[in-house]
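What follows is each chain in one-letter form.
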Amino acid sequence: MKRTNRIFTILIFIFLYIPMAVLILGSFNTGKNLALFEGFTFNQYKELFRDKDLLGLLGNSLLIAILSTATATAFGTFAAVGIHSLKPKMRKAVMTLTNIPMTNPDIVTGISLSLLFVFIGSGMLGQKQSLNFWTLLIAHITFNLPYVILNVMPKLQQMDPALQDAAMDLGCTPLRSFFKVTIHEIMPGVISGAIMAFTMSLDDFVISYFVTGTEFVTLPVKIYSFTKKPIHPKIYAMFTLLFLLIFVLMVAMNLLQLRGDKRRTQKQAKPPSRGMRTFQRVAAIACVAVLLIGSFALIATTRQDKITLNVMNWGQNIADGSDDTLDIIAAFEEAYPNIDVNYAEYASNEELYSKLSTGGLVVDVIIPSDYMIARMISEDMLLPLNFDNIPNYQNVIDTYKDQAYDPENKYSVPYTWGTVGIIYNAKYVDEADVTGWDLLWNEKYKGQILMFDNSRDAFGIAQYMLGYDVNTTDKAELQACAQALAKQRPLVQQYVMDQVYAKMEEENAWIAPYYAGDAMMMMENNENLRFYLPENETFNLFIDAMCIPSCAQEKEAAEKFINFMCDPEISGANMDYICYGSPIEGATEHMEEYLAESEVIYPPEEILERGQSYGFLPEDITRYVENLFLGIRVGKTAEEEEVQSSGSALPVVLTLAGLAAAGVFLCLPKRKRK
């Protein structure tokens, strides 16, 4: 039996650590493909330590982790001592409350903290940027506290209570007794709690994502955006170093616990000498000081006394110097040495709108799509542009001016344009089936079809297939679209956005609707992939444009950035990386020839004539479509969702009330039988 248990344990550990072993191996690979080891090299680590942006992000993460750990450890230790001194019933109640934040979903904690910070910062204090370094630090301290308390409490329970009494009998005050006696007895728990808090803080993404501003971003939040392009091996090197750091800390924590247990079992164990205790304290302080100085130094290397321009764009939607392309941000900063660009990313128009409408952020340049621009204009979320600062606007092709979303060309300057079609794997999909949107409803490919995970694009496809106006507000037509999407649902493997890259490139799915520029990227990584616009049917023809939101603080610098992006050479170099169509005259002359001549990026004019653009829908229709799509995603029919959407909160409230009542009942003291 013991042998079986050992084998089972070994297999579990192999299963847990194989992914990390593959990642570590990839960090030493000369190639970029994890599936093919082309040779051993340290170049990825060299590139990592030359990348000031990544090192700056690492410095941000280390700084937040160290400061939040130190604060949470101090407060958590004192809190644990206070809880330990309570009566048993009260102690149990308080510990229950302490444990709730650890079991609460991270997304709930993140959103609630974000709303609190915005309410206090913007609502009560009138701050324009209420989400910043301090809100991030407070959030990390908040979720770290329970872990410290949980580690310290067992040590307090194991400690002989007579020790503190004896110290006070010998003349110590309660505070002096704590530092002379108690802290030494519970130190293994304090250190364990600090190490756990440090690892949790360093690793956190979900909560950080909701409470961070645009000027201070941690490494996990940035890594979230690395989805469109294959991850560069230097990121594997970063992951490897972080894993080794966490691994060493965890081993140290367990060794400290074992050492503490061993000392307690040895009744006559010789306590460490005064010199050794002094050495341990000095070493601990030195380690913390080195980490803090190093973190500040990493941040300082990327920050100088300059104007900070906050730019928000779609994930990896600008050339960053990889794949031998021009680093657009670096080129702009070189052209304008007094401006430092702080670049942030979002995954969808709706995410951008949510971030800006919630408040608490300062953003100077955004790049939303056409219909979202119209919505933001209607809600006074954009500032009119001063075109005296944008002389390169004359390079914008007339076709992309005077659009319905901004008819006066007052609030936006086109950045890219593109189409939505279908990408498929020619190795598995019969060419005879490649005709229109109905390929997404073909039962032959059940389980191999991906679908947009946003309501506007998903309903747009159904509207094209059924022949409806893509901007219809007729609820009967929207119901018909919902029924078509509900019929498609059993065939769909997964609803995706940026996950489509890995799925299609690795041939884990065969068919997916997506944007032409992104399809071009996937086709470069898998020669079996093809892209087409449905024959004799309409499709989405979209424009993404640069705007300045009303929360901007550096409007003139923002207009300089917009002007820079309208330079034909810069726009062409940018399109080489993101593979979309440029609205700038002459940009194709500065693009790679195969991209400039690609009909995926630049379809013939007769095909483009069939394209339709999304318009801004009224709020009630937008909400109606979102509710219908949510119902489809969770498996309800369109009729069920329409009926239940208005009263969907009632069952939830009743369920929560029932659970609360059951919890109270279970916690009530039971009568003893006579």
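Everything discussed here concerns the structure shown above.
Secondary structure summary: the chain contains 26 helices and ten strands in total. For the chain, with 674 residues in total, the buried portion stands at 47%. Partitioning the contacts of the chain with sequence separation of at least 6, the portion at a separation of at least 24 is 74%. Accessible surface computed for the chain: about 34,400 Å², of which carbon and sulfur atoms make up 60%.

Another aspect to go through is a nonpolar patch on the surface. Judged by side-chain polarity, F8, I12, F13, F15, L16, Y17, F247, V248, V251, L255 and L258 come together as a nonpolar surface patch covering roughly 1,100 Å² of accessible area. Listed by contribution, the elements that provide at least two residues to the nonpolar patch are α1 (2–26) and α11 (233–265). Sort the elements by how many residues they give to the nonpolar patch and α1 lands first, with six residues. One can find F247 in helix α11.

The subject of this paragraph is the sheet that holds strand β3 (residues 365–366). Spatial ordering of the open sheet is given by β2-β1-β3, a layout of three strands whose pairing is parallel. The two strands at the open ends of the sheet, each matched to only one other strand, are β2 (339–346) and β3. As paired strands, strand β1 (residues 307–314) and β3 are joined by two bridges and run parallel to one another. Each residue of the ladder has a partner; that of V311, found in β3, is V365. With respect to the sheet, helix α13 (residues 328–335) is in contact with β1 and β2, its orientation differing from that of β2 by roughly 155°. Across the sheet, helix α20 (residues 555–565) lies against β1, β2 and β3, angled at about 50° from β1, the strand it touches most.

What follows concerns the pattern of salt bridges. Under the counting rule described, the total for this entry stands at nine salt bridges. Of the charged contacts in the structure, one is a salt bridge between K427 and E507, with a shortest N-O distance of 3.0 Å. Note that K427 is positioned in the loop between β4 (413–425) and β5 (449–452) and E507 in the loop between α18 (500–505) and β7 (511–515), a separation of 80 residues in sequence. K427 gets classed as partly exposed once you look at its relative accessible area, which sits at 47%. Connected through salt bridges with shared partners, the residues R375, E379, E619, R623 and E626 form a single ionic network.

Right, let's get into the environment of L113. As for its position among the elements, L113 is in helix α5 (residues 106–124). Residue classification places L113 among the buried positions, given a relative accessible area of 12%. Placed 97 residues apart in sequence, L113 and F210 show a C-alpha to C-alpha distance of 7.9 Å.

A word on a negative patch on the surface. A grouping of D160, D165, D169 and E185 is seen on the molecular surface, where their side chains present a negatively charged patch. Within the secondary structure layout, E185 lies in helix α8 (residues 174–203).

Thresholds applied
- Residues numbered from 1 in each chain as written.
- Predicted model: local features only at pLDDT ≥ 70, side-chain atom pairs only at ≥ 80, totals over all residues.
- Heavy atoms only, no water.
- Helix = DSSP H or I, 4+ residues; strand = E, 2+ residues; numbered from the N terminus.
- Buried < 20%, exposed > 50% of the residue type's maximum accessible area, 1.4 Å probe, protein only.
- Contact = heavy atoms within 4.5 Å.
- Areas by Shrake-Rupley, 256 points an atom, 1.4 Å probe, with all protein chains shown as cover.
- Patch = residues over 30% accessible without salt bridge, like charges linked within 9 Å, V, L, I, M, F, W, Y side chains within 5 Å.
- Salt bridge = Lys/Arg side-chain N within 4 Å of Asp/Glu carboxyl O.
- Pairing = 2+ DSSP bridges.
- Axes fitted to C-alpha atoms, helices over the stretch in contact; angles between N-to-C directions.
- Lys, Arg positive; Asp, Glu negative; His and termini not counted.
- Charge placed at Lys NZ, Arg CZ, Asp CG, Glu CD.

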